Amino acid sequence: MPIDFSHPKNKNSYATRTASPEWKQRVRAILDPRGMNVADIGCGGGIYSRALAEMGARVTGVDPSPVMLEAAREQSDSCPQIRWVQGSAEQTGLPDGSFHLLLIRAVTHHLRNLSPCFHEAARILRPGGMLLIQDRTPADCLLPATPDHLRGFIFEMYPGLKEKESKRRHPAIEVRQALRATGFSLSSEQHLWETRLIHRNLKDLEQDILQRRGRSILHELNDEELHRLARHIRRRLTAAGVTADIPDRDRWTLWPGRVWCETR
């Protein structure tokens, strides 16, 4: 079954880790957020809201799930410059023209139609403001398995999930077309290998898998299938000689764009 972001058992699935240094470096290269009003749309447990606050921004984290927002608040006591708002990507409830930068990370694959989200982004951005979309395309997700691309082992073990994963992801061309149709001017389309975690050992990695942390595709597997997957990954990594300090990276696509024209 798909992940239920409002179920208390999933409260900390997207709350306890920290954003990677390479993510912060890439964001700064696109637009340094110091001193800016920034909104993190679909903020989940606030991982990237906290990162943006640490980078010097005033941050508004928006999410539709009260459970996710509760986790975000609990993890963010040291970041008074963040406020939390319940709202959706299509209806944030935020004022017109309020933000220099919007981050919409790992959200678009939950949306069947991208246009309402992008129109809302254009509404709440200041003139010339930056929208940064980050998500995985089907091409990103289905890269072959390697010792530092652990997601690939999921589809190696359960190839039937490839179609499900591809159907819920927007190809890059769809994202580009939807952004341009909404009035955004794209400066580039970029790829980023982002480190989600570095697992100390195989046991830590197995626990991460069995608890379905941070990977919604794992909610498509039952407990026995998860155990089989964990054993499969252990065998593959052991054969490759990788048993400690195991990098867990994913390739993402980023679309930075600015809105210049009137879209309302």
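Predicted model only: the values in this text are computed from it and were never measured.

Caption draft 1: Layout of the overall build of the chain. The secondary structure content of the chain amounts to 10 helices and eight strands. Here the C-alpha radius of gyration of the chain, 18 Å, is about what a compact globule of 264 residues would show, namely 18 Å. Principal-axis analysis of the C-alpha atoms gives the chain an extent of 55 × 40 × 35 Å. Evaluated residue by residue, the chain yields a buried proportion of 55% over its 264 residues. The long-range fraction of contacts in the chain, counting pairs at least 24 apart against all pairs at least 6 apart in sequence, stands at 76%. For the chain, the exposed area adds up to about 12,000 Å²; of that, 50% sits on carbon and sulfur atoms. Computed over 39 positive and 32 negative side-chain charges, the inter-centroid distance for the chain is 2 Å.

Caption draft 2: View of the environment of Arg28. Examined against the element boundaries, Arg28 turns out to sit in helix H1 (residues 21-30). Accessibility expressed as a relative area gives 41% for Arg28, which makes it partly exposed. It is 9.9 Å that separates the C-alpha atoms of Arg28 and Leu52, two residues lying 24 residues apart in sequence.

Caption draft 3: Structural context of the environment of Ser188. Its location among the elements puts Ser188 in the loop between strand E6 (184-186) and strand E7 (190-201). Sequence spacing of Ser188 and Arg176 is 12 residues, and the spatial spacing of their C-alpha atoms is 9.9 Å. At 2.9 Å, the side chain of Ser188 forms a polar contact with the side chain of Gln190.

Caption draft 4: Region of interest: the state of the cysteines. All chains considered together, the criterion is met by zero disulfides. A disulfide-free cysteine, Cys117 has its sulfur positioned 14 Å from the sulfur of Cys43, the nearest such atom. Overall, the relative accessible area of 1% leaves Cys117 in the buried class. Cys141 carries a free sulfur, and the closest cysteine sulfur to it, the one in Cys117, is 18 Å from it. Classification of Cys141 as buried rests on a relative accessible area of 0%.

Caption draft 5: Structural context of the packing of helix H9 (residues 202-210) against helix H10 (residues 223-239). In contact at an axis separation of 9 Å, H9 and H10 are set at 150° when each is read in the N-to-C sense. Judged by the angle between their axes, H9 and H10 are roughly antiparallel. Like other packed secondary-structure pairs, H9 and H10 cross with a definite hand, here right-handed. Contact with H9, carried on its side by Leu202, Lys203, Leu205, Glu206, Ile209 and Leu210, involves Leu226, His227, Leu229, Ala230, Ile233, Arg234, Leu237 and Thr238 of H10 and no other residues of that element. Its residues assigned to classes, the contact of H9 with H10 comprises nine nonpolar, two polar and three charged.

Caption draft 6: Seen up close, the pairing of strand E2 (residues 58-63). Most of E2 is tucked away: five of the six residues are buried. Pairing geometry for strand E1 (residues 37-41) and E2, over five bridges, is parallel. Paired with Val38 across the bridge in E2 is Val59. Note on the crossover from E1 through helix H2 (residues 47-54) to E2: the handedness is right-handed.

Caption draft 7: Inspection of the environment of Pro256 at higher detail. You can see Pro256 is positioned in strand E8 (residues 244-259). Excluding residues within four positions of it along the chain, Pro256 makes contact with Ile30, Met130, Leu131, Leu132, Ser185, Leu186, Ser187, Ser188 and Gln190.

Caption draft 8: Examining the side chain of Thr137 more closely. Along the chain, Thr137 turns up in the loop between strand E5 (125-135) and helix H5 (138-141). Not counting residues within four places of it along the chain, the set of residues in contact with Thr137 comprises Arg169, His170, Pro171, Ala172, Thr253 and Trp255.

Caption draft 9: Representation of the pattern of salt bridges within the structure. In the structure shown here, the tally under the stated rule is 27 salt bridges. In this structure, the salt-bridge partner of Arg123 is Asp96, at a minimum N-O distance of 2.5 Å. Note that Arg123 is positioned in helix H4 (residues 115-124) and Asp96 in the loop between strand E3 (82-86) and strand E4 (99-105), a separation of 27 residues in sequence. Given the relative accessible area of 17%, Arg123 is considered buried. For Asp96, a relative accessible area of 44% corresponds to the partly exposed category. For Lys164, the salt bridge identified is with Glu220, shortest N-O distance 3.8 Å.

The rules behind each value
Residues numbered from 1 in each chain as written. Predicted model: local features only at pLDDT ≥ 70, side-chain atom pairs only at ≥ 80, totals over all residues. Heavy atoms only, no water. Helix = DSSP H or I, 4+ residues; strand = E, 2+ residues; numbered from the N terminus. Rg over C-alpha atoms; globule rule 2.2 N^0.38 Å. Buried < 20%, exposed > 50% of the residue type's maximum accessible area, 1.4 Å probe, protein only. Contact = heavy atoms within 4.5 Å. Areas by Shrake-Rupley, 256 points an atom, 1.4 Å probe, with all protein chains shown as cover. Lys, Arg positive; Asp, Glu negative; His and termini not counted. Charge placed at Lys NZ, Arg CZ, Asp CG, Glu CD. Polar contact = N/O pair within 3.5 Å; in protein donor to acceptor, adjacent residues only side chain to side chain. Disulfide = S-S within 2.5 Å. Axes fitted to C-alpha atoms, helices over the stretch in contact; angles between N-to-C directions. Parallel < 35°, antiparallel > 145°, perpendicular 65-115°, else oblique. Left-handed = near helix turned anticlockwise from the far one by under 90°. Nonpolar A, V, L, I, M, F, W, Y, C, P; charged D, E, K, R; others polar. Pairing = 2+ DSSP bridges. Right-handed = clockwise from strand over helix to strand, strands pointing away. Salt bridge = Lys/Arg side-chain N within 4 Å of Asp/Glu carboxyl O.

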